[in-house]
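What follows is the residue order along each chain.
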Amino acid sequence: MDLLILAVARFNSNSDRANLNCNRNPANRNDSLGITKAPLRHILKMKTYTNIFKEISSIKNLQKAYLKARRGKTKKYYVINFEENLEIELKNLQEELLNHSYKPKPLKRFIVRDPKTRRIHASAFRDRVIHHAIVNPIEPIFEKVFIYDSFARRKDKGTHLALKRLQKFMYKVSQNGRLIKKAINNNQIQGYCLKADIKSYFDNVDHEILIRIINNKIEDAETIWLIYQALKNFEGKEKGKGMPLGNLTSQFFANVYLNELDQFIKHELKVKYYIRYVDDFVIIHRSKKRLEFYKKKIEEFINKELKLNLHPDKTGIFSLANGLDFLGYRIFYHYKLLKKRNIRKFSKCVESYKNGIIRKDKFLGSYKGWEGYAKWANTYSLRKKLRI
């Protein structure tokens, strides 16, 4: 599917005149001149990279990858063990890559409940080094084609900038806070939001489609081989599908995969007010009918092109007058609140500490993290009340 039509001017470099035929007919008889239409994917494929594996497998890149992989984990036993023979470990990794004998170790599985249950799969430390080694040279290539309003796991982006951007969109769509008829407060602004979530996203990423997307930019068989080693190390619910939560490569490839959706929404549907954070996204518009049209087209696109589905219980169209749940906050025109379940959960944590059920050091760690999250909403009184 063509995502974007670009005008491409063609000149005859042997002529001293820059004549343009502007009839936009690709079949023009004077085929050395004119303006034609070309799809975005074709334009993107004009710039491909063919020698990435050499950079991935270099000792310099592996050293850089090792330093990134150890951040915040310098006291972990597996990092200490790796560092004891650092030169040998890195050299062994390089040889395995160059010989194509590299094979990742089995993933370690554990469960996290915060608040919903997630299955996390942790890689061995040496494999985490390889993940960073893969992403280091590839990320800048894809960063050039990512849209501005994709905010997860990107430099100078993140949750709080996504929230600021969303509030800016609310201002634009509501024409600086125009209220609905019979509004009962000054947060009941005009406009609607399509809020969507992709059902079991990480479990359903199709390896073949992902490899094809990557191959559009990276025509390097050895790099594709290495990426495939990382993908097939995870045994999902369905063969040839899924990426493990917790891996750096999974986080990065999640953006690569859904960049196809981003491009479709921005350039095919021509949506102005769109934000995506991993597999959650929102579109804001004045017309509810227009959002219903977008929802239908997006469902068709992800079903056909990405073999994904929208979550039926977490996708819907809502009035901005009632506020918007996004990234753990309840967002209104004039302020942001925390979700009630988050407040209840942390209040129980405070009570457990006061009753001696939780140690002080563990509680203070939890409190610091919660306060860092809560301070981005209008929670001064709440934080004062729960402060120990």
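Not measured: the values here are computed from a predicted model.

Quick notes on the rules
- What you see as residue numbers is a count from 1 along each chain, following the sequence as written.
- Under the rules for a predicted model, residues below a pLDDT of 70 receive no local features and side-chain atom pairs below 80 are neither given nor counted, while totals for whole chains, interfaces and linings still include all residues.
- For side-chain calculations, the full set of non-hydrogen atoms in the structure is used, while hydrogens and water are omitted.
- Helix and strand definitions follow DSSP, with helices as H or I runs of at least four residues and strands as E runs of at least two, each counted in order from the N terminus.
- Working definition: with a 1.4 Å probe on protein chains only, accessible area under 20% of the residue-type maximum means buried, over 50% means exposed, and in between means partly exposed.
- Contacts are assigned to residue pairs with any non-hydrogen atoms lying within 4.5 Å of each other.
- In this description, accessible areas are obtained by the Shrake-Rupley approach with a 1.4 Å probe, and a residue is regarded as covered only by the protein chains that are shown.
- Criterion used throughout: strands pair if DSSP finds at least two bridges between them.
- Axis definition: a line fitted to C-alpha atoms, limited for helices to the stretch in contact. Angles are taken between N-to-C directions and run from 0 to 180 degrees.
- For this analysis, a salt bridge means a side-chain nitrogen from Lys or Arg found within 4 Å of a carboxyl oxygen belonging to Asp or Glu.
- Note that the arc is computed from the directions linking the helix axis to the C-beta atoms.
- Points on a 1 Å grid, built from protein atoms alone, make a cavity when a 1.4 Å probe fits but cannot get out and make a pocket when they are open with protein on both sides within 12 Å along at least 5 of 7 lines; residues with an atom within 4 Å of a point are the lining residues.
- Grid points are joined across faces, edges and corners, and a volume is the space filled by probe spheres set on the points.
- Residue polarity follows a fixed list, in which Ala, Val, Leu, Ile, Met, Phe, Trp, Tyr, Cys and Pro are nonpolar, Asp, Glu, Lys and Arg are charged, and the others, Gly among them, are polar.
- In this scheme Phe, Tyr and Trp rings, the latter by its six-membered ring, pair at centre separations within 6.5 Å, and the angle between planes marks the pair as stacked below 30 degrees, edge-to-face above 60, and tilted otherwise.
- Counted as a polar contact is a pair of N or O atoms within 3.5 Å, where, for protein atoms, one must be capable of donating a hydrogen and the other of accepting one, and residues adjacent in sequence contribute only when both atoms are in side chains.
- Given the number of residues in a helix, its expected span is that number minus one, multiplied by 1.5 Å.
- For the purposes of this section, nonpolar cores are sets of buried Ala, Val, Leu, Ile, Met, Phe, Trp, Tyr and Cys residues that join through side-chain atoms within 4.5 Å.
- What sets the label is the angle itself: under 35 degrees gives roughly parallel, over 145 gives roughly antiparallel, 65 to 115 gives roughly perpendicular, and the rest give oblique.
- Note: crossing handedness is left-handed where the near helix turns anticlockwise from the far helix by less than a right angle, and right-handed where it turns clockwise.

With that settled, consider the overall build of the protein. Per the secondary structure count, the protein includes 15 helices and 11 strands. Per-residue burial over the protein gives 44% buried out of 388 residues. Considering only contacts within the protein whose residues lie at least 6 apart along the sequence, 71% involve residues at least 24 apart. On the protein, roughly 22,100 Å² of surface is accessible, and the fraction owed to carbon and sulfur atoms is 49%.

Our next topic: the sheet that holds strand S8 (residues 316-319). Read from one edge to the other, the open sheet built from four strands follows the order S6-S7-S5-S8, with strand pairing classed as antiparallel. Two strands in the sheet have a free side with no partner beyond their single neighbour: strand S6 (274-277) and S8. With direction set aside, neighbouring strand axes in the sheet form an average angle of 20°. Note that strand S5 (residues 192-197) and S8 share four bridges and pair antiparallel. Bridged to leucine 194 within S8 is isoleucine 317.

A few words now on the sheet that holds strand S11 (residues 336-338). Strand order in this open sheet of three strands is S9-S10-S11, and the pairing throughout is antiparallel. Only two strands of the sheet have a single neighbouring strand rather than two, namely strand S9 (324-326) and S11. The sheet shows a mean angle of 30° between the axes of neighbouring strands, taken without regard to direction. For S9 and strand S10 (residues 329-331), the ladder comprises three bridges, and the chain directions are antiparallel. Directly across from phenylalanine 326, in S10, lies its bridge partner tyrosine 329. Here helix H7 (residues 159-173) sits on the sheet and contacts S9, S10 and S11; the angle it forms with S10, its principal contact strand, is near 20°.

One pass over the structure, following the stated rule, counts 15 salt bridges. Linked by salt bridges that have partners in common, Arg119, Asp203 and Lys237 make up one network.

Now for helix H3 (residues 59-69). The periodicity of an α-helix, 3.6 residues per turn, causes residues three or four places apart in sequence to face the same way. Turning to H3, its buried residues are Asn61, Leu62, Ala65, Tyr66 and Ala69. Along the axis of H3, the buried positions cluster into a sector of 140°, meaning they face one direction only. Where the residues of H3 are buried, they touch helix H2 (52-56), helix H4 (77-84), helix H5 (86-98) and helix H6 (125-143).

This structure, assessed with the given rule, holds three cavities of 30 Å³ or more. By volume, the second largest cavity is sized at about 40 Å³. At the level of elements, helix H10 (221-232) and helix H11 (248-268) are the ones that each hand at least two residues to the lining of the second largest cavity. Per element, the largest residue contribution to the lining of the second largest cavity is three residues, and it comes from H11. Counted by class, the lining of the second largest cavity contains five nonpolar, three polar and no charged residues.

Moving on: the packing of aromatic side chains. Scanning all chains against the criterion turns up 25 aromatic pairs. Their ring planes at 70° and their centres at 6.4 Å tell us that phenylalanine 53 and tryptophan 225 sit as a pair that is edge-to-face. Here phenylalanine 53 is found in helix H2, whereas its partner tryptophan 225 is found in helix H10, with 172 residues between them in sequence. Each of the two residues, phenylalanine 53 as well as tryptophan 225, counts as buried. Relative to phenylalanine 301, the ring of phenylalanine 264 lies with its centre 4.3 Å away and its plane at 10°, an arrangement referred to as stacked. Of the two residues, phenylalanine 264 sits in helix H11 while phenylalanine 301 sits in helix H12 (residues 288-306), which places them 37 residues apart along the sequence. With respect to class, phenylalanine 264 is no different from phenylalanine 301; both count as buried.

Within the secondary structure, arginine 178 sits in the loop between H7 and S5. As a C-alpha pair, arginine 178 and glutamine 190 span 12 residues in sequence and 5.9 Å in three-dimensional space. Beyond its immediate sequence surroundings of up to four residues, arginine 178 is in contact with Gln188, Ile189 and Gln190. Among the polar contacts listed, one links the side chain of arginine 178 to the side chain of glutamine 175, at a separation of 3.2 Å.

In this section: H10. With 12 residues, H10 ought to run about 16 Å at 1.5 Å a step, and its terminal C-alpha atoms sit 16 Å apart, in line with that. Residues of H10 that are buried include every one of Thr223, Ile224, Trp225, Leu226, Ile227, Gln229, Ala230 and Leu231, and no others. Its side-chain oxygen 3.2 Å from the backbone nitrogen of glutamate 222, aspartate 220 forms the N-cap of H10.

Attention now moves to the nonpolar core. Counting residues in hydrophobic clusters, the biggest one holds 67 residues, and the most contacted among them are Phe142, Leu261 and Leu306. Among the elements that make up this core, the one with the highest residue count is H11 (10 residues). If we ignore the near neighbours within four places in the chain, the residues touching leucine 306 are Ile209, Ile213, Tyr257, Leu258, Glu260, Leu261 and Phe301. With 33 residues, the next largest nonpolar core counts Ala152, Met170, Ile275 and Tyr329 among its residues.

Viewed as axis vectors pointing N to C, H6 and H10 meet at an angle of 135°, and their least axial separation amounts to 11 Å. Overall, the two elements H6 and H10 adopt an arrangement that is oblique. For the pair H6 and H10, the crossing hand works out as left-handed. Residues Ile130, His131, Ile134 and Ile138 of H6 form the contact with H10, whose participating residues are Thr223, Leu226, Ile227 and Ala230.

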